[in-house]
Amino acid sequence: MLASAPRKYVNKRLVSQWEKSGKKKAIQMVKKMASEAKDAEIGQKPSLDFKTLVTELSLHAAEGNEKEICGVLSDAGMAKSEMIRNSLVDVIWILSLDKLEEKMQKGLEKFAKGILDAKLAPRWMFHERLTGQFLENIGFGSKTVLAKKEIRARTRQLFAQRKFNLLREETEGYSKLIGEIFAFVSASKNARISPKGFLKRIQPLIGYFDLDPNRVMDLVLEGFELQLGKGKKDIDLTLVNDITEILAAFKPEAMCALIGFKFQFYQKEGRHKYLNEGSNRTITTPSSLLRMTAVLIASKKLKLEALWPYLMPSDETFAKDRTSFVNEKLKIASKVNVVNMNTSERERKKDNRGTQQNFGKNNQKVDLLYYLLVLGDWNHASKILNRLSPIFLASEERICRQLCELISRLVEPLYDVHCKRHRLFQLAVSESKSESKTREEGEEEEGMEVDDGEDQKVFAVDPTPSQGLLLPWEIRCPKSLDTLPSAIWPPAQHLGCYIYRDPVLFSKLCRIFREIVYVKKKQFPSPPTVGYDYPKPGQNPALLCGDLELVASQCIIPGFSLMGVNPGLTTDLWSFVNLLPYWERFRLYGYWSEHAYSLCPEMAMQRAMSVLHVRQFKKRISNSNIKDCGRLLVKCAFSNPLVAMEEIVQQISSYENLIKPVLESLKYFHAFTFDCLVYTLLLHFSQEKPRLSEGLNVAHWYKNLAVFSGFFFRKYPDAELGAIIQYIINRLKDEDMLDETCIEVVVLRELISHMAGIEAIEDLGEIQLEGQGGGPVLQSETATFRQLKNKKKPTAYLLDCLLDNQFLLPLLVLMSHCKDHIIYKTDTRHIELISELFDLTQGVLIQLGEFVQTHIPKLEVYAKHLPPLYELVKKFHLEPSAAFFIARPVLEEKRIATAPTQSNGSSEAVENKGKPDDKSEALRKKAEAAKIKLLNAKKGKQSGRVLLCSPGSPLVSTSKLLLPEDTWNKISPEFYSVFWSLSMYDLRVPEKLYKSQIKKLKDQEDSLRKTSGDKGDDAKRKKERERCNKTIKRLEDELDKQKKNYEQVMASLRISKDKWLKDIKEKDQTGHAFVQHCVVPRLLLTPIDALYCARFLEVVLELDTPWLSMIHFYDLLLKITPNAISSCTSNEASRFGRFLGEILASLFKWKDSERQYKENCASKRGFAADFYSDSNRVSYGKFCQVVSRWNKLIFKSIIHGLVSSSRMHIRNTLYILQRISHVFPRVSQQGESLLQTLKTIAEAKENKNTAVAVLAERMRTSVEARKSKWKDKEFIPAASKASKATDRPTGTRKKLSAGSKPFKPSKLSSETSKRSDTKTKTVGRKISLKASAEERAAKRQARMAPLESNKPTRDDDRARKRRKVSDAPSKAVERDSQDDRKPRREERRAAESTDRSRTSKSPSRRDGGRRARVMVRKDRDGDSENAKKRGRDGRRRVR
């Protein structure tokens, strides 16, 4: 109950202090309540809850304080606030209904009487709200009498009908009234009386002749309607104001009803009964009535909401008719591309044509909307449009015209200021004007006022100059370009695609929007993307956003689809869209493709017809009619490029023979269409569709699109290439998106190969491969890459795209990571697929690196886009091999070679961390580096490449941070840096190839000079001769430059070679570290790197580098052949084969000639018999013995790989054999076995019609061609055989005695010597440190091939048994190897312990006792703990 509720304002404290301060506070609260009540009337929220205050005051008065409260209310001036009076009477009514105590009820009645006596509230409020019993108690009379009065009042108000005696109305009164009305409306402004004077004249007529006021108002409206219906373009604003003032004297409800009855009169169909029976006219709403209604609504004398129910048709009927029409049109559009054989061609054309919707001749809502737009009353017109928004009233042509005119008037002032240079027609208009007018006056259009610094205003209807009045519904033009999109978006929203009916407005919008984007772009220049992502949202505001984006996406772009073939408008649209970044353009295209064609049936029909025309183009296209069909395709795709390009790309993905005709047809297209084509390609590339066919090969559709992309950007390089490359980067970056491996690099491969003419070819010839070691000119002249015509432009565009958008580094880094992803994260069971994808990625990486290094004019530009070498390894997590591949061309740049710690001045502390004498060591290294630099400067043979690797240089210091610290106990950072910083260009000069190419060009120039022909060919021949002479000059200069560089490099190497490995502690592990961290990672990169590794070994040997045992190194390299077969990809196996072929060629050359061995090997310290002493050399006989064993090892590895059950192993073996076939095999027995094995592979059923069979047959032919060069047996000097049993590590060598007993080794020692041949320790990428079961199986499998010799051998029985199953799979070999693995391991351990004990007891250990034995025999892994440590720390998989 209210009486018992706690009180907030009139509480006990206030009541207790009523006489002192309570009354004063109560008056202040009431006054504050009154002031806040006024604010509440205008929408402000009051801070004081005045209803609660009134309730508490009333309760306090009911408690017997009615006089005090009435005094307070009177003193506070409560009678002035209507809101407080209403609240007070409402509170009294609520309290009267509440169950109060009898005392409080009487007090409340006294309080009500006091209010009436003080005149704080009128009596009618009490009559209206209080109950009869309460009114009777406060003295309003009897309850029964009050009820009767209420009934009578309601009956009189609601049910009584006033009747006019029309017979009393005299005709004279109406005639005088009509005269007054028409005299008033037809008078001019100066002669017209005032509205008050007119009312004074008609009021006596109404009273004297007893005229009906409603009929009088109807006559006034009739006169106003006729005056507006005279067809004047301008409206008399004074008359409008006068009429509205006159109508204000009548009831507004009656005026709305009268006008509504008029509209209802014209809603009847057919002839009206009041019209002549013979009349053929149908009832239509007159334009004068519509125009008058629009004026009254615009002047706010008539409410649109009140008139809306009188208008026809109803909203439901209107929407239903529109829905049925849209469905019918969509049904017709869906049948456009469906061929019905039962329908004639004429009927099909009739169905496809369709009709435009007609909203009806008597649609009063559309008519009223039209006249509101004519008047420019956008406030009320927008209400109708919003109410009927799903109907798209802009499809009505007259509505569309008025909306276009409205938008044009909004745009025109700013268009005159900012886009005058586009309006060429104004020049002709200004010249035709009279000379008396100035140019500024001639440029002002009718109805415009352009005042600098003031608001610009557009009049919906232009007033006469004499009036000088503004319509109340005028529209204000925007002041600046920033506010223009917000001003035109409301009408443009309803105009939509129907802007195509006004091409001039379309062109204006495109041009003014171009200015808006240009100004915004100039104000906020967006930095280039970093290659990884779009610019951050907080960096710079988007150029296309807000209302500008809405107008462009929902009005301009859809309207362009219905515009037809109009090159001028296409150019205007492209000038605006081209300023946007591609991601904003493509967002616009996405809305265009996905949503715009479903806005209205016209768009759906346009899409269907475009698809139909493109499909007809596909049926007609051929090589003979490309020109005609290309022009037809242009017409199809001009206004709907996305639809046409979608259909074309879809066809190309299915039929690759359409690529060439489509490319030829594209030359007729606009640049805007090219941009849409790039968007369509991206859409197809990113669709969720399998990119692999049957999980093995690249899908046909993806490959076709990739090839088409390459050809397209080669022919039209100015298209948006950056979007394609950004897509590739995003796909490579997001590992979650790499669901089907890294197929995206296929697109990059096609782009580079077609635009730059660079391809990653593995099977390079000798000339081409040798040419890769020369300069850029020689490389281009000897390369097998396609010689593209006019490739200068696409190459430049591709290079600019990579550099300007900073795409280069992300591509290089992500493709290097992609190789690891392929190996470790690809979820596939096909190992061959992983191999192919890895080779594909590596090939594209080589392509990209070669393209950038070849075509960047200055390496300084390339260096700016690369981080330091240290960051490539540590921050970007690249392998050192990949990092050096990327940074090798610019290693001379100090920033690239320097680590971050060195740039801060703390390099010495980092380099010498943990050493006892850091300062002295650093000073010593600096002194040595300065000494070497000074010596080279004096000699004039200074090489910057080698000086980079001098002690204390930044590159050496950086190299120390790339590998674990214990690595530098085995190999020096100087030696490591020299190996990775040099290239084939530095170590060999292909002088013969230079001279042959120069001779070839000279012969070509002579033939061109002697040839005679037509005059038209003379210019071509002259141009070709100039090219030949220019190329000859460049080749000669390049040869001289490379010779000088070679001399400088070799001179620097000779100076620094002695200190490369001088301070190494574990010299016996140098070979392992060199293989693991240098040779194997680099030879697997590229074919030229494989040759570089072989050439580097030759240089090291030629320089007589100390502390590097070449015998040990060769032994390690040749023992990794089985592991290379099983762990390399196809291309890596081919590169390993190239390297192996170069090594074997050198070894066999030295073995075949003792003189060659003595000149090239015996005199070099690399052939020393001890790691720590270079005094003793390996003898020629011992060398021949070792090479013979290596030859057998290679043979066993080849045979084991060929009989493997894995097709990948067989293929890798064939690739290696292909590269070494010019030097291997050398023995007839091995050759015959190899031929038989190759024949078995080629004729196997499972290999029929496969690449393996073809390659095996080719290799069989190649091996058989060298049959004449085979030897019956391996040549081993007699001295070597004699010393085989006596060459032991003893302290003092005894003299030979003829009478001594022949030496017979014990069984254990002979078994140990045999098994020592099978032990191996290999390091490097994917290579284990211990002998595997595959090596042991290779020994047994080598005997499986049949032998032609009939001589009995010790394993003749075994060979005879296995000859029958020479093509048996390797599963049996693997089972045998697994069965005997355990006993062999035990025997090997026993042999190792025996040899270790013998070695420890030998007194000649320091004297060279382990010289030949350590070098020749396989590296014995005596210390198992060191072997395990090296296996953990040294062995590192590249992938």
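Residues numbered from 1 in each chain as written. Predicted model: local features only at pLDDT ≥ 70, side-chain atom pairs only at ≥ 80, totals over all residues. Heavy atoms only, no water.

Let's talk about the overall build of the chain
Here is the rule we go by: Put simply, DSSP H or I for four residues or longer makes a helix, DSSP E for two residues or longer makes a strand, and each gets a number counted from the N terminus. Exposed residues in this analysis have more than 50% of their type's maximum accessible area, buried residues have under 20%, and partly exposed residues fall in between, with area computed by a 1.4 Å probe over protein chains only. Note on contacts: a residue pair qualifies if any of its non-hydrogen atoms lie within 4.5 Å across the two residues. Calculation of accessible area relied on Shrake-Rupley with a 1.4 Å probe; when residues are assessed, cover is drawn exclusively from the protein chains displayed.
Counting secondary structure elements, the chain contains 72 helices and five strands. The proportion of buried residues among the 1439 residues of the chain is 51%. Contacts in the chain between residues far apart in sequence, at least 24 positions, make up 77% of those at least 6 positions apart. Carbon together with sulfur atoms contributes 50% to the accessible area of the chain, which is approximately 71800 Å² in total.

Let's talk about the confidence of the model for the chain
Low pLDDT means the predicted atomic positions in that stretch should not be read closely. Filter applied, for reference: Summary of the metric used: pLDDT quantifies the predictor's per-residue confidence within the range 0 to 100.
Scored by pLDDT, the chain comes out at a mean of 74, with 71% of its residues at no less than 70. Confidence, expressed as mean pLDDT per element, reaches its minimum in the chain at helix H71 (residues 1411-1416) with 31 and its maximum at helix H32 (residues 671-685) with 92. Of the regions scoring below 50 in pLDDT, residues 41-47 engages in six contacts with residues more than four places distant in sequence or in other chains. Confidence drops under pLDDT 50 across residues 528-539; counting only partners more than four residues distant or on other chains, this segment forms 31 contacts.

Description of unusual backbone geometry
Of note, the amide linkage connecting Met312 to Pro313 takes the cis form, showing an omega dihedral of 0°. Geometrically, the link from Phe1224 to Pro1225 is a cis peptide bond, its omega value of 0° lying close to zero. A positive phi angle, close to 60°, is found at Asp1104, a residue other than glycine. Position of Asp1104 relative to the elements: it lies in the loop between helix H55 (1087-1102) and helix H56 (1110-1119). We classify Asp1104 as buried; its relative accessible area is 18%. Here the phi dihedral of Asn1249 falls at roughly 60°; this positive angle occurs in a residue that is not glycine. Along the chain, Asn1249 turns up in the loop between helix H62 (1228-1243) and helix H63 (1251-1265). Its relative accessible area of 74% is what places Asn1249 among the exposed residues.

A closer look at helix H61 (residues 1207-1220)
In plain terms, the rule: Any helix carries an expected span of 1.5 Å times its number of residues minus one.
With 14 residues, H61 extends 20 Å from end C-alpha to end C-alpha; this agrees with the ideal 20 Å at 1.5 Å per step. Of all the 14 residues making up H61, 12 are buried; the element is thus mostly covered by neighbouring parts of the structure. For H61, the secondary structure elements touched by its buried residues are helix H40 (831-855), helix H57 (1121-1127), helix H58 (1130-1152), helix H60 (1180-1202), H62 and H63.

With respect to the environment of Lys176
Structurally, the position occupied by Lys176 is in helix H9 (residues 171-186). Of the residues examined, Lys176 reaches a relative accessible area of 40% and is grouped as partly exposed. Sequence spacing of Lys176 and Ile202 is 26 residues, and the spatial spacing of their C-alpha atoms is 8.8 Å. Apart from the residues within four sequence positions on either side, Lys176 is in contact with Leu205 and Phe209.

Observations regarding the environment of Glu56
Tracing the backbone shows Glu56 in helix H3 (residues 50-75). Taking C-alpha positions, Glu56 is 7.2 Å from Tyr9, a pair spaced 47 residues apart along the chain. For Glu56, the residues in contact, after removing those within four places along its chain, are Pro6, Arg7, Lys8, Tyr9 and Val10.

Topic: the packing of H60 against H61
To keep it simple, the criterion reads: Helix axes are fitted only over the stretch in contact, all axes being lines through C-alpha atoms; the angle between N-to-C directions runs from 0 to 180 degrees. An angle below 35 degrees is read as roughly parallel, one above 145 as roughly antiparallel, one from 65 to 115 as roughly perpendicular, and any other as oblique. By definition, turning the near helix anticlockwise from the far helix through less than a right angle yields a left-handed crossing, and turning it clockwise yields a right-handed one. Polarity classes work like this: nonpolar for Ala, Val, Leu, Ile, Met, Phe, Trp, Tyr, Cys and Pro, charged for Asp, Glu, Lys and Arg, and polar for all others, with Gly in that last group.
Running from N to C, H60 and H61 cross one another at 140°; their axes reach a closest spacing of 8 Å. Of the possible angle classes, the one that applies to H60 and H61 is oblique. Note on packing geometry: the crossing formed by H60 with H61 is left-handed. Along its contact with H60, which presents Ile1194, Ile1198, Gly1201 and Leu1202, the element H61 presents His1209, Ile1210, Thr1213, Leu1214, Ile1216 and Ile1220. Partitioned by chemical class, the residues of the contact of H60 with H61 number seven nonpolar, three polar and no charged.

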